[in-house]
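Secondary and tertiary structure notes
For reference, the chains in residue letters:
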Amino acid sequence: MSFNHIVIQNILRDKWTYISYFLSSVFSILVFFFFLITAFHPMMDAIDPNSSLGIAMILCSMIVYIFSFIFIVYSMLAFLKKKTKSLGVFIIAGASTKQVRKMVFRENMLIAFAAIITAIVVGLIVSPLFLMVVKNVLEADSFGMYVPVQAIAMTIILFSVLFFIVSKITTRFIKKEEAVQLLKADVTQEKLIRPTPWRLLLSLLVSAALLLPLKVSPDVVESLGIVYLMILFTSLLMTIYIILTQGILFTIRRLQKSASYYKKTNMLFVSNLQAKGNSHAHVIYLLSILLLAVFMTTSVLYSSYYNVEENTEAVYPYSFQYISLPDHPIEKVQQDIEFMETTLEQTEGDVDAYQSAFKTDEDRRIGFMSNTNFNALGTHEAITLNDNEYYVVAGNEGIIPNTDAIQDYVDDPLQYVGLEERMILVSGFRAVYYVIPDAIYETIHYPEYHVFAYELKDWTEKRDVAEKIESQIMTEPDERYVSSKISLYADELFVKRIMFFIGFMLSLIFLSAAMSILYFYLQTSLAGEKEKYLGIRKIGLSMKEISVIVTRELSILIFVPFTMAAILLFTVLFSIREALSPSFFQMTTVGVGIILLLFTLSFFIIRKAYFKKLVE
């Protein structure tokens, strides 16, 4: 029998162990392949790789790949743990450590090759349906089928390298001197959770101290940048783990002291929980972090997509805005305006039209607007100023402007009467606008800009009108500035949809990893649990009583991580509630509810399958 024949026979005789590892690998590769099919689609050529969206696509590709690396390492370690007994038998039978490592390496590379090919074939078969879904999500008519040569090549290369590295690394964990321990690994008792009150207190204090600058010293946070965030992130992860382990220990001790401890199967359940507390804590912790990542990627990205219309109106108040500069010939202005109004009249009929003007100090980017010209615009309530009063309008969305600079331009001091934070013209065109009485406006000697603005009903659905006007009238830096919230909305919506798609793919990876971790945990502990429950049945426990214990244990493994992740998510959202809209919380609640429903269905399926394997 050749060495390769032993490798193949070893796989076939323990096929269910290999199949679970194979399927988890296929799913990881498949998600990455789908991501690359989208990223390399010809339509994506329109995205500048140096833009924020282009950088986000690259970063997300790296995150998916790095996470796949971590996930496959975890899967392989879990796979090796499950095979510890058979590997120990090989070593006890006389195989050298080098031979066992070589055998496991070849097994892994064989599975890797099969997983890569399977994932790509399945991906190519499903890709038309996948691209059709992406097309509907992005609302991009040109997002059709193509031959993803780059995606195929990159998937093969990257995952071949990944599996090669992972196989080389993980096989190093197999050592000859541990052969006996490997053989007896299934009867090794794990360590119990120890009380660590000082470690818990220290971790809470450190995390609180690191969180404090977010509220009181944003400048410090900004100056430290990514270093601060990485330290904070690490500290929070450690604190969550310590809280979880100590919380499990506290719960066990409370249950042991409760009056119902000796009733029915409670004592057996609590003793089992105490014996497996450490491994349960590890799994619950990993699932909680992965579920939190799922919640954050889906809820946050979908909510940003949900508020695009509101955010667009905040920075671009009009469907169309045309600003004519002083040197722009009046004949060309009349020609442009006539074209715009004729187009709008032919396509939309009556529209709300506004004309106004303002003078500006180009060096300081300050605009001066008369009371009459301010009231002529239609995004705010009209005001009436006395001869010695002025009103301030913000020029940039979200930035409070200087309210006193007007005093540098008038002979007699004026009295400040109020601030308009909403944009009256496109955000960022001027730093601030000072609304002053008409008589004082005439004394300001700066070039005057003329404004023509138009507002359409149901403007979000007028993309064709915007394209027609913008095909003829575009911004000319020395003549005119043309802007449209319709175009901005369409562009922003496309970006948000791409981001939502990326978030969905990432959440899919995180969710699959969570389910795989749970699956491998149950699989690796199944043999030991079968022996334990066989002994318990011999002392008289009924199947119903065993079912109750198993149901409780699976409930802890599935619903405790979900609850922890939901609590962490809403704690974060509540702490930044001022920056969020009510719709954000509504959509987040709906998303969490959907995942809870999926988890509940998964719980019943897992419970039925696991209990059947446990008692068969």
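Higher on the page you've got the structure.
The model shown is predicted, which means the values in this text are computed figures rather than measured ones.

Thresholds, definitions, all that
Residues numbered from 1 in each chain as written. Predicted model: local features only at pLDDT ≥ 70, side-chain atom pairs only at ≥ 80, totals over all residues. Heavy atoms only, no water. Buried < 20%, exposed > 50% of the residue type's maximum accessible area, 1.4 Å probe, protein only. Helix = DSSP H or I, 4+ residues; strand = E, 2+ residues; numbered from the N terminus. Pairing = 2+ DSSP bridges. Axes fitted to C-alpha atoms, helices over the stretch in contact; angles between N-to-C directions. Phe/Tyr/Trp six-rings, centres within 6.5 Å; stacked < 30°, edge-to-face > 60°. Core = buried A, V, L, I, M, F, W, Y, C linked by side-chain atoms within 4.5 Å. Contact = heavy atoms within 4.5 Å. Salt bridge = Lys/Arg side-chain N within 4 Å of Asp/Glu carboxyl O. Expected span 1.5 Å × (residues − 1). Patch = residues over 30% accessible without salt bridge, like charges linked within 9 Å, V, L, I, M, F, W, Y side chains within 5 Å. Areas by Shrake-Rupley, 256 points an atom, 1.4 Å probe, with all protein chains shown as cover. Lys, Arg positive; Asp, Glu negative; His and termini not counted. Charge placed at Lys NZ, Arg CZ, Asp CG, Glu CD.

Now for the pairing of strand β7 (residues 448-455). Note on strand geometry: in a regular strand, side chains alternate between the two faces of the sheet. Most of β7 sits inside the fold, with six of its eight residues counted as buried. Note that strand β1 (residues 320-324) and β7 share five bridges and pair antiparallel. Each residue of the ladder has a partner; that of Tyr 322, found in β7, is Phe 452. Examined bridge by bridge, strand β2 (residues 352-361) and β7 share eight bridges and lie antiparallel to one another. Considered in β7, the bridge of Phe 358 is made with Tyr 449.

Sheet architecture is open: eight strands sit in the order β5-β4-β6-β3-β2-β7-β1-β8, paired in mixed fashion. Either end of the sheet is taken by a strand with one partner, and the two such strands are β5 (415-420) and β8 (480-483). Taken pair by pair, the neighbouring strands of this sheet meet at an average axis angle of 25°, ignoring direction.

This part takes up the packing of aromatic side chains. For the coordinates displayed, the defined rule picks out 20 aromatic pairs. Judged by centre distance (5.6 Å) and plane angle (90°), the ring pair of Phe 358 and Tyr 433 falls under edge-to-face. Of this pair, Phe 358 sits in strand β2 while Tyr 433 sits in strand β6 (residues 432-436), placing them 75 residues apart in sequence. The same class applies to Phe 358 as to Tyr 433, namely buried.

Right, let's talk about unusual backbone geometry for a bit. Both trends apply: most residues other than glycine have a negative phi, and most peptide bonds are in trans. At Arg 365, a position not held by glycine, the phi torsion is positive, near 55°. Examined against the element boundaries, Arg 365 turns out to sit in the loop between β2 and β3 (366-370). Judged by relative accessible area, Arg 365 falls into the partly exposed class, the value being 33%. The phi dihedral of Asp 458 falls on the positive side, at around 50°, and the residue is not glycine. For Asp 458, the location among the structural elements is in the loop between β7 and α17 (463-470).

What follows is about the nonpolar core. Grouped together as the largest cluster of nonpolar side chains are 92 residues, with contacts concentrated most on Phe 159, Phe 163, Phe 295, Val 550 and Leu 557. Ranked by residue count, the leading element in this core is helix α18 (residues 485-538), at 17 residues. Non-local contacts of Phe 163, meaning those with residues more than four positions away in its chain, are made with Tyr 21, Ser 25, Ile 29, Ile 72, Met 109, Ala 112 and Ile 116. Counting residues in hydrophobic clusters, the runner-up holds 21 residues, among them Leu 325, Met 369, Val 393 and Phe 429.

In this structure the tally under the stated criterion is eight salt bridges. When the shortest N-O distance is used, the salt bridge between Arg 480 and Asp 336 registers 2.7 Å. Residue Arg 480 is located in strand β8, and its partner Asp 336 is located in helix α14 (residues 330-348); the two are separated by 144 residues in the primary sequence. Two residues, Arg 430 and Glu 362, come together in a salt bridge whose shortest N-O distance is 3.4 Å. Here Glu 362 lies in the loop between β2 and β3 and Arg 430 lies in the loop between β5 and β6, a separation of 68 residues in the sequence. A relative accessible area of 4% means that Arg 430 is categorised as buried. What makes Glu 362 partly exposed here is its relative accessible area of 39%.

As a further point, take helix α10 (residues 226-257). Because an α-helix packs 3.6 residues into every turn, residues spaced three or four apart end up facing the same way. The end-to-end C-alpha distance of α10, which contains 32 residues, comes to 46 Å, matching closely the 46 Å that a straight helix rising 1.5 Å per residue would cover. Turning to α10, its buried residues are Tyr 228, Leu 232, Ser 235, Thr 239, Ile 240, Ile 242, Leu 244, Thr 245, Gln 246, Ile 248, Leu 249 and Ile 252.

Another aspect to go through is a negative patch on the surface. Taken together, the side chains of Glu 338, Glu 341, Glu 345, Asp 350 and Asp 352 present a region of like negative charge at the surface. At three residues, α14 tops the list of elements feeding residues into the negative patch. The topology assignment puts Glu 338 in helix α14. What makes Glu 338 exposed here is its relative accessible area of 55%.

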